[in-house]
Amino acid sequence: MSSKVSVVIPVYNVETYLEKCVDSVLRQTYSDFEIILVDDGSTDASGRICDSFTDEKIKVIHQTNGGLSDARNTGTKAAVGEYITWLDSDDTLHPDFLKILVQLAEDCRADMAVGEFSFCKEGEECKPSEGNYATDVCAGTEAMKRMLEGRLHGTSACGMLIKRDLAGRYFFPYGKYHEDDLTTYQFYRSADRVAYTEQPLYFYLQRAGSIMHNAFGESDIAELDAADVIYNACEAMGEEYRKAALIKKTCNYCQVLFKCSDLKQIHYETYKRANDFIDSYWSEIFASPYIGKKAKIKIILYKSGLLKYVNKMMGKENA
């Protein structure tokens, strides 16, 4: 293996996490890589921390704040590696992340190689898991279908290795929430071959202050919009892809619908939009083998008006 990898890390007000994130890349067992730190107008010490790194593999770009998509796009345009991977600045990588995915991509002659996630709560240490993990390779459209069905990786742009020319075809939408949803399905759809391992290689930090854990807001409406974009695109590809996109749409819509027990009072338009979707596709949702029993039970509890009471008994404000 001799292919260079560009690791693009957008940086914004992550002074607590940045050194650990970068260190997880510098400790990779695969050595042919560059790190591109894009300081997206940080107002804490993050920018200074970026400049403090002395390793010659690290490049630093400072720019006016433009958001996650803009920072990723800046790093992608500056990349010189044959492959690109995106790493969020509060997350870390398995020591063999690059080695495993480059080997997988080259052995399978794939445009993309993806692994799985290990989710870590703040204050916990993510430890690499050992063992024999299944690998597979398939056409890009098949990988997209599996991803939408919840059987492969998910829509996150993190945790994947992608050829630079493919990465440059679809830039992340500026100023949008759920930018990954709007982009990664296009990577899969356009790839000739996608290689996959079930091994958890990307360590995702679940911290309370992140966008995905905030109260109801614009990001939730954007989550529905993104699901609609994917659904419409897949519907034009044929019935098997439409059915796969319906699963993704169901996940997104239920995520928003169940997020707040009083969504109907908070934002009636969004409540009605999500509720009407569930009603319209009720039979297809319950016939799908890729929508789990727990999700279906939650839908039934919600429609019967019991979900909020179950959540209260379990000590949860949200579903």
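All values reported here derive from a predicted model rather than from experimental measurement.

Cut-offs used in this document
Residues numbered from 1 in each chain as written. Predicted model: local features only at pLDDT ≥ 70, side-chain atom pairs only at ≥ 80, totals over all residues. Heavy atoms only, no water. Disulfide = S-S within 2.5 Å. Buried < 20%, exposed > 50% of the residue type's maximum accessible area, 1.4 Å probe, protein only. Pairing = 2+ DSSP bridges. Helix = DSSP H or I, 4+ residues; strand = E, 2+ residues; numbered from the N terminus. Phe/Tyr/Trp six-rings, centres within 6.5 Å; stacked < 30°, edge-to-face > 60°. Lys NZ or Arg CZ within 6 Å of the ring centre and 35° of its normal. Core = buried A, V, L, I, M, F, W, Y, C linked by side-chain atoms within 4.5 Å. Axes fitted to C-alpha atoms, helices over the stretch in contact; angles between N-to-C directions. Contact = heavy atoms within 4.5 Å. Nonpolar A, V, L, I, M, F, W, Y, C, P; charged D, E, K, R; others polar. Arc of directions from axis to C-beta.

## Some words on the state of the cysteines
- The final tally for this structure, using the stated rule, is 1 disulfide.
- Through a disulfide, Cys-120 is tied to Cys-126; the S-S separation comes to 1.1 Å. Here Cys-120 and Cys-126 share a disulfide; its torsion about the S-S bond, 70 degrees, makes the bridge right-handed. For the residue pair Cys-120 and Cys-126, the accessibility class agrees, reading buried in each case.

## A closer look at the pairing of strand β8 (residues 160-163)
- Across 2 bridges, strand β4 (residues 83-86) lies against β8 in antiparallel orientation. Residue pairing for β8: Ile-84 is matched across the bridge by Ile-162.
- Alignment of strand β6 (residues 112-121) against β8, held across 3 bridges, turns out to be antiparallel. Across the sheet, residue Ala-113 finds its bridge partner in β8, namely Leu-161.

## Things to note about the packing of aromatic side chains
- Inspection of the entire model under this criterion finds 13 aromatic pairs.
- Here Phe-119 and Tyr-204 contribute two aromatic rings whose centre-to-centre distance is 5.5 Å and whose plane-to-plane angle is 70 degrees, an arrangement assigned as edge-to-face. With Phe-119 in strand β6 and Tyr-204 in strand β9 (residues 193-206), the pair connects residues that are 85 residues apart, well separated along the chain.
- An angle of 40 degrees between the planes, with centres 5.9 Å apart, marks the rings of Tyr-268 and Tyr-271 as tilted. Of this pair, Tyr-268 and Tyr-271 both sit in helix α11 (residues 268-280), 3 residues apart, which is roughly one turn of the helix.
- Under the relative-accessibility criterion, Tyr-271 is labelled buried at 16%.
- Here a set of aromatic residues connected by ring pairs shows up, and it is made of Trp-86, Tyr-170, Phe-172 and Phe-187.
- The ring centre of Phe-33 lies 4.6 Å from the NZ or CZ of Lys-57, which sits over that ring.

## So, the pairing of β9
- Within β9, 10 of the 14 residues are buried, which leaves the element mostly enclosed by the surrounding structure.
- In the sheet, strand β5 (residues 92-93) pairs with β9 via 2 bridges, with the strands oriented antiparallel. Bridging across to β9, Leu-93 finds its partner in Tyr-202.
- Bridging between β6 and β9 involves 9 bridges; their strand directions are parallel. By the bridge assignment, Lys-121 is partnered in β9 with Gln-206.
- Both strand β7 (residues 135-139) and β9 contribute to a ladder of 5 bridges, which runs antiparallel. The residue bridging Asp-136 from the neighbouring strand is Tyr-196, located in β9.

## Structural notes on the nonpolar core
- Among the nonpolar cores identified, the biggest contains 56 residues, and Trp-86, Met-112, Phe-187 and Tyr-188 are the most heavily contacted of them.
- Ranked by the residues each element gives to this core, the list is headed by helix α9 (residues 239-257), at 9 residues.
- Counting residues in hydrophobic clusters, the runner-up holds 37 residues, among them Val-7, Val-22, Ile-49 and Leu-93.

## With respect to the packing of helix α5 (residues 140-148) against helix α7 (residues 179-190)
- The contact between α5 and α7 brings their axes to 6 Å, and the two run at 145 degrees. On the side of α5, the interface is formed by Gly-140, Thr-141, Ala-143, Met-144 and Met-147, while α7 contributes Tyr-185, Tyr-188 and Arg-189.
- The residue makeup of the contact of α5 with α7, split by class, is 5 nonpolar, 2 polar and 1 charged.

## Comments concerning helix α4 (residues 97-107)
- For α4, every residue scored as buried is listed here: Phe-97, Leu-98, Leu-101, Val-102, Leu-104 and Ala-105. Seen end-on, α4 carries its buried residues on one side only, within an arc spanning 160 degrees.
- Arg-109, located one to two residues past α4, shows a positive phi value of around 50 degrees.

## What to know about helix α13 (residues 293-303)
- For α13, the full list of buried residues reads Lys-296, Ile-299 and Tyr-302. Looking down the long axis of α13, one finds its buried residues gathered within 120 degrees of arc, a one-sided arrangement. Turned more than 90 degrees off the buried face of α13, the exposed positions are Lys-293 and Lys-294.
- After α13 finishes, the residue Gly-305 shows a positive phi value of roughly 80 degrees.

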